[in-house]
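A closer look at the structure
Here is how the chains run, residue by residue.
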Amino acid sequence: MGDPVKSDAKTNGFHKATNGHHQQQQEELKIAIIGQSNFAAEVLELLLERDHLIVGVFTIADKAAREDVLATVARQHGIPVFKFSAWRRKGVPIPEVLEQYRSVGANLNVLPFCSQFIPMEVIDGTAYGSICYHPSILPLHRGASAISWTLIEGDERAGFSIFWADDGLDTGPILLQKQCPVYGDDTLDTLYKRFLYPEGVTAMAEAVDMIAAGTAPKIPQTEIGASYDPALFREENQYLNLNQPAVRIFNFIRGLDSVPGALAVVQMEDGEQVPVRLYGASLSARRSMVNGKPIQFKGSTGSAFVTREGIFITGTDGSLVRVRRIKRGNRVIPAGEWFEQMGTTKATPLVLTEKEQEQDTLLRSIWKSILKVEIGPETDFFACGAGSMDVVRLVEEVKDTLEVPIDNETLFMAPMYGEFLQDVIQRLRSGSNGDRGTNIPLDFKHVVLKANRRQIAVPTQLFINGRFVDAEGAKTIPIVNPTNEQVICDVANASKADVDDAVQAADEAFRGVWTSISARERGQLMYRLAELMEQHREELATIESIDSGAVYTLALKTHVGMSIDAWRYYAGWADKIEGSTIPVSPARPNRVLTFTKKEPIGVCALITPWNYPLMMLSWKMAACIAAGNTVVIKPAQVCPLTALKFAELTVRAGFPPGVINVVTGTGSLAGQALADHPVVRKLGFTGSTPIGKRIMASCAESNIKKCSMELGGKSPLVIFADCDLEKAVRLGMSSVFFNKGENCIAAGRLFVEDRIHDEFVRKVIRGIKTMKIGDPLDRATAHGPQNHRAHLEKLQEYCAIGVKEGAKLLYGGKRVAKMEGLFFEPTVFTDVEDHMYIAREESFGPIMVISKFHASDFDALVARANSTEYGLASGVFTQDIAKALRFAERVEAGTVFVNTYNKTDVAAPFGGFKQSGFGKDLGKEALNEYLKTKCVTVEY
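Keep in mind the model is a prediction, meaning the values are calculated, not measured. (Residues numbered from 1 in each chain as written. Predicted model: local features only at pLDDT ≥ 70, side-chain atom pairs only at ≥ 80, totals over all residues. Heavy atoms only, no water.)

1. Brief notes about the packing of helix H14 (residues 519-535) against helix H16 (residues 552-573)
Across the interface, H14 lies against H16 with an axial gap of 8 Å and an inter-helix angle of 165°. In terms of orientation, H14 and H16 fall into the roughly antiparallel class. Note that H14 runs across H16; the crossing there is left-handed. For the pair formed by H14 and H16, the contact residues are Gly-523, Met-526, Tyr-527, Leu-529, Ala-530, Glu-531, Met-533 and Glu-534 on the first element and Ser-563, Ile-564, Trp-567, Arg-568, Tyr-570, Ala-571 and Gly-572 on the second. For the contact of H14 with H16, the per-class residue count stands at nine nonpolar, three polar and three charged. (Axes fitted to C-alpha atoms, helices over the stretch in contact; angles between N-to-C directions. Helix = DSSP H or I, 4+ residues; strand = E, 2+ residues; numbered from the N terminus. Parallel < 35°, antiparallel > 145°, perpendicular 65-115°, else oblique. Left-handed = near helix turned anticlockwise from the far one by under 90°. Contact = heavy atoms within 4.5 Å. Nonpolar A, V, L, I, M, F, W, Y, C, P; charged D, E, K, R; others polar.)

2. Some words on the pattern of salt bridges
On inspection of all chains with the given rule, the structure shows 41 salt bridges. Asp-360 is the salt-bridge partner of Arg-364, the closest N and O atoms lying 3.1 Å from each other. On the criterion of helical spacing, the pair formed by Arg-364 and Asp-360 is a turn pair, its members being four residues apart in helix H9 (residues 354-371). Among the residues examined, Arg-364 registers a relative accessible area of 27% and is labelled partly exposed. Looking at Asp-360, the relative accessible area reads 12%, which means it is buried. Between Asp-722 and Lys-883 there is a salt bridge, with its nearest N and O atoms 3.7 Å apart. On the criterion of sequence distance, the pair formed by Asp-722 in the loop between strand E30 (715-719) and helix H21 (725-737) and Lys-883 in helix H26 (residues 881-890) is long-range, its members being 161 residues apart. The exposure class assigned to Asp-722 is partly exposed, which follows from its relative accessible area of 27%. Connected via shared salt-bridge partners are Asp-62, Glu-67, Arg-75 and Lys-83. (Salt bridge = Lys/Arg side-chain N within 4 Å of Asp/Glu carboxyl O. Buried < 20%, exposed > 50% of the residue type's maximum accessible area, 1.4 Å probe, protein only.)

3. As for empty space enclosed by the protein
Using the criterion set out here, one finds seven cavities of 30 Å³ or more in the structure. Taken as a whole, the largest cavity encloses approximately 100 Å³ of empty space. Residue lining of the largest cavity: 15 residues in total, with Ala-746, Ala-747, Gly-748, Ser-843 and Phe-844 positioned closest to the centre. Class assignment for the residues of the lining of the largest cavity results in seven nonpolar, six polar and two charged. Taken together, Lys-714, Pro-716, Arg-749, Phe-751, Asp-834, Ala-839, Arg-840, Arg-864, Ala-865, Ser-867 and Thr-868 form the lining of the second largest cavity. Those elements that provide at least two residues to the lining of the second largest cavity are strand E31 (747-753), helix H24 (837-840) and helix H25 (858-866). (1 Å grid on protein atoms, 1.4 Å probe; cavity = no way out; pocket = protein on both sides within 12 Å on 5 of 7 lines; lining within 4 Å. Points joined across faces, edges and corners; volume = space filled by probe spheres on them.)

This is the structure:
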């Protein structure tokens with residue numbers, strides 16, 4: 001829009017400037033529109049809407065068989081169209097061009113945007129002259145690059161002028177002008193789209209209306225403050241001077257953003273000089289760089305650094321400019337990935353399936369229909385002359401034809417056809433229509449698990465910023481199969497620096513791409529992930545069995561099944577998180593509106609245990625993501641494989657890089673680094689009470705993180721004599737032995753009424769003897785191995801203490817004989833007194849601890865049930881509903897089961913009291929753990 005009107009002769013007497021208005025017209029306006037572009041086309045359509053007569057449209061010649069949009073729109077309205085490659089030859093008007101122009105009989109020329117030299121015979125050849133649009137407040141910034149120079153010079157106001165053309169360069173009398181403020185985040189693109197384009201179209205029509213009414217002024221331009229700026233379409237004028245204050249560097253970059261881009265040259269260490277273009281500049285509040293890698297720009301006397309956030313350039317005043325994107329050749333990349341991208345070779349082309357080859361053909365046809373050229377891998381969309389409307393058309397046609405989620409940025413980041421095709425195919429492969437993601441080549445280190453008649457590839461690296469990467473120093477830790485104690489594989493062992501990389505990636509995603517995705521789109525991503533988990537549920541259950549010892553059938557139903565349920569449940573909540581309006585008392589006569597907003601916290605850290613690896617991840621992360629946060633999760637050191645497979649599925653589901661990150665390793669290093677990190681604002685933890693205390697202390701000392709804790713339990717289960725005994729036995733066994741006893745809400749102590757105690761115990765032991773202990777992948781197995789050796793040894797120690805203190809060991813209490821692997825016998829203790837260690841402390845294993853009670857003293861029974869520092873869950877079996885409800889009212893536990901046990905659901909809140917922690921997983925309440933409430937008050 002910045003080209004000036006170019007004329008080559010003196011204005012005639014009719015167009016001499018006056019301070020008055022144009023004389024009253026004597027005849028109907030007959031308008032010739034001269035120029036090109038969407039801007040001109042919209043001016044044409046608006047003039048037609050206002051019933052003005054357009055007698056001809058004069059535009060540029062076709063380029064590569066593509067006509068300008070102005071010609072297309074004019075033809076649709078039946079207006080004569082003339083296409084000229086030039087109006088003059090050797091400075092002299094071309095007679096046949098003048099003849100065709102004069103043939104339409106125009107009495108007013110309207111030039112919304114024109115890049116050609118128009119002869120004065122045309123400019124002054126009509127009764128009412130010629131009016132032109134110029135995107136600056138004349139006489140400031142005359143010339144072809146007015147919008148850019150408005151920003152480069154740091155003007156506080158921008159605007160446009162509509163003026164009467166004369167023989168000068170943007171010097172004619174002013175008809176009208178309009179202005180707008182320049183905001184700190186404006187670029188050439190935003191200023192044009194926000195004001196100069198839409199208001200300019202309207203103003204051109206307004207100017208024509210004024211001419212038709214005889215009220216159009218002709219106000220002479222002053223030469224005071226006039227400026228004529230160099231044309232920035234010349235490459236030599238696009239180079240950035242880096243030796244100036246930061247604000248000047250910032251203004252120059254944004255003045256050329258996004259076309260053509262500020263030019264600079266990177267001086268590589270090997271002497272190579274790499275021309276680049278810089279985009280997405282902002283003034284940084286930082287005054288120093290920590291962990292930035294130096295980058296050298298040619299001719300710069302100041303320093304520059306690359307960090308994950310971008311490239312930071314130091315101005316001569318010591319202030320910093322942040323650059324978000326950088327273009328080398330035809331490819332635009334995140335500036336923070338400069339060294340990574342420079343160090344990588346060109347991506348290997350995808351091997352397309354038969355269906356994808358058909359999609360390639362469709363995509364090529366769309367490109368060809370827009371560009372009117374043959375399409376090859378190196379075809380550059382913008383180098384072929386495509387404009388902004390072509391971008392919109394391409395994006396919409398590709399979305400409609402291939403049903404793939406892309407936007408304008410997709411094309412901007414991959415303007416060459418080959419790269420664009422790869423991007424689209426990768427997005428299609430990660431889509432929800434079928435398991436197309438299985439064709440993505442494995443580009444990460446992995447182990448292949450051969451089990452359950454499957455070969456399952458599982459990543460073994462850290463997952464940071466959408467990619468699998470080695471830990472610092474390529475450090476690893478072994479992962480052991482508890483069924484046979486053999487090493488499955490080695491996985492990355494994250495360092496403090498690795499954790500910092502993950503947190504920074506999450507922070508960048510939270511402040512960037514994740515905020516641009518709507519709540520409903522966020523929910524759709526979560527639904528897509530749940531669908532992929534459903535498609536891979538057998539694989540996930542198999543990994544869970546091998547990695548953690550979970551019985552396959554249980555893993556399939558609970559570990560994986562409830563994980564999928566959680567993602568689906570919270571996907572539905574994503575676009576239903578809302579605040580409220582609050583009636584307050586204003587100071588009269590003013591009125592006040594007060595409302596609350598529920599906002600995401602930011603970067604959240606999750607530390608999950610080893611008993612339900614995937615389910616604990618999903619319970620916490622699904623709510624966290626639904627609320628709009630980004631996350632770094634550290635799964636349990638001993639069984640991280642389902643978390644890593646899950647990370648792979650998030651890529652296929654289309655989650656942006658940095659939203660979900662997985663760091664494997666030790667709790668003392670990686671977990672502690674998350675608890676200490678100043679950028680993490682929320683930490684969700686499930687684990688033991690002693691570790692929970694340490695984490696809470698770190699959260700407080702680092703930056704007072706919000707935290708939620710699901711800690712140890714010693715859940716009481718009370719069984720009255722009036723219960724359904726068979727059901728009580730069956731569910732009582734499940735309350736202890738479910739998932740090998742590695743269950744946070746396991747019934748840690750059973751209180752059985754003395755009248756049925758002995759019969760209850762006999763039935764339990766009879767039931768234990770029918771349980772099959774063995775390979776968790778065997779569909780008949782009911783009891784698998786304990787998760788890891790250290791835990792097995794603690795169970796042996798726990799039983800030894802129970803025997804020593806006088807509890808009666810009726811069954812089990814030891815490792816299964818003559819069986820490899822970490823198998824522990826289901827165990828039953830009776831005659832357990834309140835003072836004993838096993839009556840007070842959690843075993844977290846398949847150990848049933850039974851105490852008798854007499855029904856005559858209900859208050860004493862409740863007191864015994866509550867005589868523990870834990871309060872996670874509880875249960876009661878009785879046919880007396882009043883008794884059950886009295887117990888539920890008085891027991892100090894976050895969950896109470898009546899005539900059932902282990903009956904959790906993703907819609908029901910879950911969490912404990914006392915030293916079992918605070919905060920909730922699951923249900924609507926869990927969302928509040930990952931949200932903050934902001935109160936807004938407006939006086940009016």
